[in-house]
Amino acid sequence: MTEILDGRILSYKIRQQLKQRITRLQEHKVIPALAVVLVGSDNASQIYVRNKHRAAAEVGLTTHDFKLPETVTEEALLALIAKLNVDSSIHGILVQLPLPRQINAAKVTAAIDPAKDVDGFHPLNIGQLFLNNPQSLPCTPHGIMRLLAEHQIDVARKHAVIVGRSNIVGRPIAALLLNADATVTITHSKTVNLRELTRQADILIVATGRAEFIKRADVKPGVVVVDVGMNRDATGKLVGDVDFTEVAPVAAAITPVPGGVGPMTIAMLLEQTVKFAERQIGG
Ligand code: GUN
């Protein structure tokens with residue numbers, strides 16, 4: 001029987017625990033707060049941000065919304081971040097990506113105080129992750145590791161193959177898997193014979209942004225599959241980067257889309273904000 005790695009169930013459990021931690025913070029007069037900066041009107045970003053707000057409100061976490069026009073200057077965005085960095089009532093800062101072309105995203109990411117960097121995208125936090133001394137972790141990779149741990153899937157000594165090398169998923173999940181003693185292969189759009197490599201995976205992490213890219217013939221029976229994709233197929237149905245109908249029957253375990261990785265990303269964001277707030281009470 002294929003095990004379904006259900007992110008909704010685990011994220012619910014985590015959010016219940018967070019509620020208690022938030023109540024404790026409030027008893028210490030600390031109101032944990034997350035600043036969410038959204039530039040422009042990218043459709044997917046608006047949906048992500050709305051989901052983050054909803055989940056935060058549900059656990060009692062305060063969010064402060066900063067909506068900036070598509071045409072905002074880099075200077076104005078950096079000025080907002082500088083203000084949020086020194087505001088002691090703000091514990092976490094998130095700038096939704098992607099950013100419009102006139103803005104240098106790397107510069108913006110580096111401007112966020114690493115101690116408020118809930119996304120774990122600051123170069124210092126990424127560096128610490130690769131040195132196996134993690135401080136703040138990127139939410140999606142962190143959520144994947146928690147989901148695997150919840151299902152007692154030990155990655156040590158396993159061959160983990162990653163499809164995709166983005167800064168948000170592919171690169172940081174490679175570091176996390178390596179830190180957990182997996183043998184890691186990163187594949188991407190320029191990889192020769194990519195599907196030969198995916199067939200060797202004990203653990204397959206797919207983050208390509210291409211609907212149902214991985215098929216039955218691309219995996220080894222008994223593989224553990226983590227699907228980070230979120231795409232619409234020709235009929236408008238939400239599908240992952242893995243063809244679930246084909247792959248699930250031969251996998252030992254697989255994440256569904258929706259309801260797999262997505263809810264975990266948000267749970268990790270909330271948890272990181274609470275962790276940063278707990279520093280204020282020495283927790
Ligand atoms: N865009 C897509 N995923 C993410 C994420 O996890 N954080 C931010 N800030 N932007 C994103």
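A quick note: this is a predicted structure, and the numbers were derived from the prediction, not measured. (Residues numbered from 1 in each chain as written. Predicted model: local features only at pLDDT ≥ 70, side-chain atom pairs only at ≥ 80, totals over all residues. Heavy atoms only, no water.)

Strand order in the open sheet formed by 3 strands is E3-E2-E4, and the pairing between neighbours is parallel. On the outer flanks of this sheet lie strand E3 (62-68) and strand E4 (92-95), each paired with one strand and no other. For this sheet the average axis-to-axis angle between neighbouring strands, irrespective of direction, equals 15°. In this fold helix H2 (residues 43-59) packs onto strand E2 (33-39), E3 and E4, with an angle of close to 165° to the strand it touches most, E2. Against the sheet, helix H3 (residues 74-85) contacts E2, E3 and E4, and its axis sits at roughly 180° relative to E2. (Pairing = 2+ DSSP bridges. Helix = DSSP H or I, 4+ residues; strand = E, 2+ residues; numbered from the N terminus. Axes fitted to C-alpha atoms, helices over the stretch in contact; angles between N-to-C directions. Contact = heavy atoms within 4.5 Å.)

Taken in spatial order, the 6 strands of this open sheet run E1-E11-E8-E7-E5-E6, and their pairing is parallel. Single-partner strands in this sheet number two, and they are strand E1 (3-4) and strand E6 (183-187). Here strand E5 (residues 159-163) pairs with strand E7 (residues 203-206) via 4 bridges, running parallel. Directly across from Ala160, in E7, lies its bridge partner Ile203. Running over the sheet, helix H7 (residues 170-179) touches E5, E6 and E7 and is turned about 175° from E5.

For the coordinates displayed, the defined rule picks out 12 salt bridges. Between Lys107 and Glu74 there is a salt bridge, with its nearest N and O atoms 3.0 Å apart. Here Lys107, found in helix H4 (residues 105-111), pairs with Glu74, found in helix H3; they are 33 residues apart in sequence, far enough to count as distant. A relative accessible area of 44% places Lys107 in the partly exposed class. Residue Glu271 is joined to Arg146 by a salt bridge in which the shortest nitrogen-to-oxygen separation is 2.9 Å. Highlighted residues: Glu271 in helix H10 (residues 261-278) and Arg146 in helix H6 (residues 139-150), separated in sequence by 125 residues. Glu271 sits in the buried class, given a relative accessible area of 5%. Among the charged side chains, a salt-bridge network with shared partners connects Arg15, Lys19 and Glu58. (Salt bridge = Lys/Arg side-chain N within 4 Å of Asp/Glu carboxyl O. Buried < 20%, exposed > 50% of the residue type's maximum accessible area, 1.4 Å probe, protein only.)

Moving on, we get to the side chain of His122. Residue placement: His122 occurs in the loop between H4 and helix H5 (123-130). By relative accessible area, His122 is classed as buried at 10%. Polar contacts involving the side chain of His122 include one to the main-chain carbonyl oxygen of Ala110, which spans 3.0 Å. In this structure, His122 is in contact with Thr109, Ala110, Ile112, Pro114 and Asp117, ignoring residues within four places of it in sequence. (Polar contact = N/O pair within 3.5 Å; in protein donor to acceptor, adjacent residues only side chain to side chain.)

What follows deals with the environment of Gly143. As for its position among the elements, Gly143 is in helix H6. Spatially, the C-alpha atom of Gly143 lies 16 Å from that of Ala253, the residues being 110 residues apart in sequence.

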